[in-house]
Amino acid sequence: MLVLVSGIGAVAIGLYLWTGLALSRLFARTGGEPWKAWVPFVNEAEVFVRGGRPAHSLVYCFIPLVAVYGLVVRVAAVHRINARYGRGSGATVLGILLPPVWMSVLAWGPEPAPEPQVERSEELDDAIDPRVAFAPRDASGYAIPAAEVPVVVSPVAAAPAVAAAPAAPAAPVAVAPVAAAAVAVPATPATPAAPVAVPATPAAPVAAVAAPAAPVAAKQAKWRVELADGTAIELTSPLAVIGRNPDSSTPGEQRIALPDVGRTLSKTHARLSYDDGAWRLTDLNSTNGSRVLDRAGVATPLRPGEPVVVGVGFIVGEVGVRLAYELI
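Residues numbered from 1 in each chain as written. Predicted model: local features only at pLDDT ≥ 70, side-chain atom pairs only at ≥ 80, totals over all residues. Heavy atoms only, no water.

**Digging into the overall build of the protein chain**
Point 1. When its secondary structure is counted, the protein chain shows 7 helices and 11 strands.
Point 2. In the protein chain, which comprises 328 residues, the share counted as buried stands at 33%.
Point 3. Accessible area of the protein chain: about 19,700 Å², with a carbon and sulfur share of 66%. (Helix = DSSP H or I, 4+ residues; strand = E, 2+ residues; numbered from the N terminus. Buried < 20%, exposed > 50% of the residue type's maximum accessible area, 1.4 Å probe, protein only. Areas by Shrake-Rupley, 256 points an atom, 1.4 Å probe, with all protein chains shown as cover.)

**Here we look at the nonpolar core**
Point 1. Leu235, Leu258, Leu272 and Phe314 are the most contacted members of the largest nonpolar core, which has 24 residues in total.
Point 2. For this core, the secondary structure elements donating two or more residues are strand 1 (221–227), strand 3 (239–243), strand 5 (270–275), strand 6 (278–283), strand 10 (313–316) and strand 11 (319–327).
Point 3. Excluding its chain neighbours within four sequence positions, the residues that come into contact with Leu258 are Leu227, Ile233, Ile242, Gly243, Arg244, Leu265, Val316, Val319 and Val321.
Point 4. Listed in part, the 13 residues of the second largest apolar core include Ala22, Leu26, Ala37 and Tyr85. (Core = buried A, V, L, I, M, F, W, Y, C linked by side-chain atoms within 4.5 Å. Contact = heavy atoms within 4.5 Å.)

**Thoughts on the confidence of the model for the protein chain**
Point 1. For the protein chain, per-residue confidence averages 75 on the pLDDT scale, and residues scoring 70 or more make up 67% of the total.
Point 2. Counting interchain partners and residues more than four positions distant, the pLDDT-below-50 stretch residues 117–132 has 38 contacts.
Point 3. Across residues 136–154, where pLDDT falls below 50, the model places 17 contacts with residues more than four positions away in sequence or in other chains. (pLDDT = per-residue confidence, 0-100.)

**Observations regarding helix 3 (residues 67–84)**
Point 1. A rise of 1.5 Å per residue sets the reference length of helix 3, with its 18 residues, at 26 Å; its end C-alpha atoms lie 26 Å apart and thus fit the reference within 8%.
Point 2. Listed as buried for helix 3 are Gly70, Val73, Arg74, Ala76, Ala77, Val78, Arg80, Ile81, Asn82 and Arg84.
Point 3. Buried-residue contacts for helix 3 involve helix 1 (2–29), helix 2 (42–50), helix 4 (89–97), helix 5 (99–107) and strand 7 (290–293).
Point 4. In the segment just after helix 3, Gly86 is the residue with positive phi, at about 75°. (Expected span 1.5 Å × (residues − 1).)

**Let's talk about unusual backbone geometry**
Point 1. Backbone geometry at Phe41 places phi at a positive 70°, although glycine is not the residue there.
Point 2. You can see Phe41 is positioned in the loop between helix 1 and helix 2.
Point 3. You can call Phe41 exposed: its relative accessible area is 56%.

**What to know about the side chain of Asn288**
Point 1. The residue Asn288 is located in the loop between strand 6 and strand 7 in this model.
Point 2. Judged by its relative accessible area of 15%, Asn288 falls in the buried class.
Point 3. Once you skip the residues sitting within four places of it in the chain, Asn288 turns out to touch Arg53, Ala76, Arg80, Arg263, Thr264 and Gly317.

**Some points on the packing of aromatic side chains**
Point 1. Within this structure, the stated rule accounts for 7 aromatic pairs.
Point 2. Pairing Trp223 with Trp279 gives two aromatic rings, centres 5.8 Å apart and planes at 75°, and the pair type is edge-to-face. Separated by 56 residues along the polypeptide, Trp223 in strand 1 and Trp279 in strand 6 bring together distant segments of the chain.
Point 3. On the basis of relative accessibility, which here comes to 4%, the residue Trp279 falls in the buried class.
Point 4. Here the aromatic cluster, defined as three or more aromatic residues joined through ring pairs, consists of Trp223, Tyr274, Trp279 and Tyr325. (Phe/Tyr/Trp six-rings, centres within 6.5 Å; stacked < 30°, edge-to-face > 60°.)

**Re the pairing of strand 5**
Point 1. In this sheet, strand 5 lies alongside strand 3 in antiparallel orientation, the contact comprising 4 bridges. Bridging from a neighbouring strand, Ile242 pairs with Ala270 of strand 5.
Point 2. If you look at the hairpin formed by strand 5 and strand 6, you'll find 2 residues sitting between the two strands, and Asp276 has a positive phi there, around 55°. (Pairing = 2+ DSSP bridges.)

**Here we look at the side chain of Arg29**
Point 1. Assignment of secondary structure puts Arg29 in helix 1.
Point 2. Polar contacts involving the side chain of Arg29 include one to the main-chain carbonyl oxygen of Gly109, which spans 2.9 Å.
Point 3. Among the polar contacts made by the side chain of Arg29, one reaches the side chain of Glu111 at a distance of 3.3 Å.
Point 4. In contact with Arg29, not counting residues within four places along its chain, are Arg84, Tyr85, Leu106, Ala107, Trp108, Gly109, Pro110, Glu111 and Pro112. (Polar contact = N/O pair within 3.5 Å; in protein donor to acceptor, adjacent residues only side chain to side chain.)

**A short note on the sheet that holds strand 5**
Point 1. What the 5 strands build is an open sheet, ordered 4-3-5-6-9; its pairing is mixed. The open sheet has two edge strands with one neighbour each: strand 4 (254–257) and strand 9 (308–309).

Here is the structure:
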């Protein structure tokens, strides 16, 4: 009996060391932290993360009935890891049925391909006014400029002090005849009034009134999404849904169907929204997840339902998308 217990213990220790070494190398090669391979449950959660799924997805595997969904999520995570190594469905089956063997094959096999990168765009122009980024457009696609608001200058503040003109001499006044004697008496000429200066409040020079500066029109951005194969789709709304064949019940929301040769996109995969001068991506509980790319090209996995600011582009499933714009 003692021999049996000792044998089982030796096998357990050997299996722990084997999986720890394999996983630590696998995590390091795919951008993770090797130490997580040695902590039970944490290492399984990291497998989900390396496959682009949230770490808390591991909890589903321990809930009755829901465990079926947890298994589906794990299959998707393992499949995504395999895709980076150029392996297909056979390696995914191996990762589910014989995890130690699968880990070893990937850990000591050829190097994985780098994460899908989206070409870095130029720095955003500070002259873009986000309030008019989606201004109304005419039939030709150009934004309709907003009406100019005239500036009214107060005449009191703008007018310089002006001296009053001297009064003209008074004309002779004919006095009505009196009953006693009809005598015309010429009136005494009035003394010309001295010029009186009208005090005025000192005002700043008003050169702008004489020659007003031309109004500066705010620049506007015409946004689009670009794919690696050269496909470009213009963004005509600040709110859009993306997927294989997206569906939307929100009025004014643009629907963008992306070509998906690898079948990694969900029907309605993610939502792209423009708010407060920045684009944000929200994963809509997709099967293969979404990631956003910052300006250094680092991909950050998204948690379903949580919008994240997009730097230069994003990855939905395995489809890389670049955000681009032009000023008009």
